[in-house]
Amino acid sequence: MIARRSALLLAAGAALLSVPRHVFAQAATPPGGPFTLAPLPYALDANEAAIDARTMELHHRFHHGAQVANLNAAVANHPQVAAMPLDQILMKLPEMPEAVRTAIRNNGGGHANHTMFWAIMGGKGGDPTGDLAAAIARDFGDLPAFRTQFDRASTTLFGSGWAFVTVTREGKLAIVQKPNQDNPLMDGTHVLMGNDVWEHAYYLRYQNRRAEYVRNWWQVLDWDKIGARYAAARAGTLTI
Ligand code: MN
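Residues numbered from 1 in each chain as written. Predicted model: local features only at pLDDT ≥ 70, side-chain atom pairs only at ≥ 80, totals over all residues. Heavy atoms only, no water.

*Asks:* Teacher, can you tell me more about the coordination of the manganese ion here?
*Replies:* Note on metal geometry: ideal angles are 109.5 degrees for four donors arranged tetrahedrally and 90 or 180 degrees for six donors arranged octahedrally. The protein atoms that coordinate the manganese ion are His59 (NE2), His114 (NE2), Asp196 (OD) and His200 (NE2), at distances spanning 2.0 to 2.1 Å. Mapped onto the sequence, the residues coordinating the manganese ion show the spacing H-x54-H-x81-D-x3-H. Here histidine 59 is found in helix H2 (residues 53–75), whereas its partner histidine 114 is found in helix H5 (residues 98–119), with 55 residues between them in sequence. On the accessibility criterion, histidine 59 (2% relative accessible area) is buried. Owing to a relative accessible area of 0%, histidine 114 belongs among the buried residues under this scheme. (Donors = N, O, S within 2.8 Å, 3.2 Å for Na, K, Ca; no water. Helix = DSSP H or I, 4+ residues; strand = E, 2+ residues; numbered from the N terminus. Buried < 20%, exposed > 50% of the residue type's maximum accessible area, 1.4 Å probe, protein only.)

*Asks:* What is the right way to look at the sheet that holds strand E3 (residues 190–196) in this model?
*Replies:* Two strands in a sheet stick together by hydrogen bonds in their backbones, pointing the same way (parallel) or opposite ways (antiparallel). Ordered by their spatial adjacency, 3 strands build an open sheet running E2-E1-E3, and the pairing between neighbours is antiparallel. Looking at strand neighbours, the two that pair on one side only are strand E2 (173–179) and E3, the edges of this open sheet. Recorded for the sheet is a direction-independent mean angle of 25 degrees between the axes of neighbouring strands. Direction of pairing for strand E1 (residues 161–167) relative to E3: antiparallel, over a ladder of 6 bridges. Residue pairing in the sheet places valine 167 in a bridge with histidine 190 of E3. Sheet strands touched by helix H7 (residues 143–156): E1, E2 and E3. Its angle to E2, the strand with the most contacts, is close to 10 degrees. (Pairing = 2+ DSSP bridges. Axes fitted to C-alpha atoms, helices over the stretch in contact; angles between N-to-C directions. Contact = heavy atoms within 4.5 Å.)

*Asks:* Would you mind going over the nonpolar core with me for this structure?
*Replies:* One recurring pattern in soluble globular proteins is that nonpolar side chains are buried together. Formed by 45 residues in total, the largest nonpolar core has its most connected members in Met121, Phe146, Leu173, Met193, Tyr213 and Trp217. When contributions to this core are tallied by element, the ones reaching two or more residues are H5, helix H6 (130–140), H7, E1, E2, E3, helix H9 (210–217) and helix H10 (223–235). What leucine 173 contacts, discounting residues up to four positions off in sequence, is Leu132, Ala135, Ile136, Arg138, Asp139, Phe140, Val165, Thr166, Val167, Leu192 and Tyr230. With 19 residues, the next largest nonpolar core counts Leu37, Val100, Ala112 and Met186 among its residues. (Core = buried A, V, L, I, M, F, W, Y, C linked by side-chain atoms within 4.5 Å.)

*Asks:* Is there a simple way to think about the packing of aromatic side chains in this case?
*Replies:* Aromatic ring pairs are reported here in terms of the distance separating the ring centres and the angle at which the planes meet. Scanning the model with the defined rule gives 12 aromatic pairs in all. Residues phenylalanine 117 and tryptophan 118 carry aromatic rings whose centres are separated by 5.3 Å and whose planes lie at 55 degrees to one another, so their mutual orientation is tilted. Residue phenylalanine 117 shares its accessibility class with tryptophan 118, and that shared class is buried. Where phenylalanine 117 meets tryptophan 217, the ring centres are 6.4 Å apart and the plane angle is 15 degrees; that geometry is what we call stacked. In this pair, phenylalanine 117 sits in helix H5 while tryptophan 217 sits in helix H9, placing the two residues 100 residues apart along the sequence. Residue tryptophan 217 is classed as buried on the basis of its relative accessible area of 0%. An aromatic cluster is defined as three or more aromatic residues linked by ring pairs; in this entry it consists of Phe117, Trp118, Phe140, Phe146, Phe150, Trp162, Phe164, Trp217 and Trp218. (Phe/Tyr/Trp six-rings, centres within 6.5 Å; stacked < 30°, edge-to-face > 60°.)

Set out below in structure tokens:
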């Protein structure tokens, strides 16, 4: 009987080990909690020109997924926070309950940052157009100067963090660096676009060569999406 039970357990274990990976694809966000990990809006290899599919998978499912789970855990005993939209939470960070403020900062910032990051990629690069192109020319001189300044912000950021382009209601653009998972909403400024320069964003393909990742990243931007974020900022409807 014992031998039979062991055989059954072994069989069960073997069955678990042989479960195909895709079975777990929807399991990144545990049930419960107001925040969810949205599926990527494109295939894992959609950004192959800059980011390999395995990095996309690990980054989205596990890094971002863990932040969503940790954010839900942080607000679990704070229903008044759990009921707030994420942009309001980040803008009112000093008002958050002290016991969970750091968890909200790291995981709420991370959830906002990564949600924006997935949304602005999946494109073919190229150049911005329309009002956004005009704003870049006005605020940075021209597109190459803008890219040079943004690349510098991405490559000189020490340790883990993000380079962002912020946008005011008037449409004024600026480049800022943020450490860890901080988000410019914590300063009351909206994000137009941003690049994740944590090592987990590029290490499998690029190892220590952050500058090469940063240079290639422009090839997968979706300028239509970024242009829509610019219009939303002007209209006062941009959230995270
Ligand atoms: Mn990341």
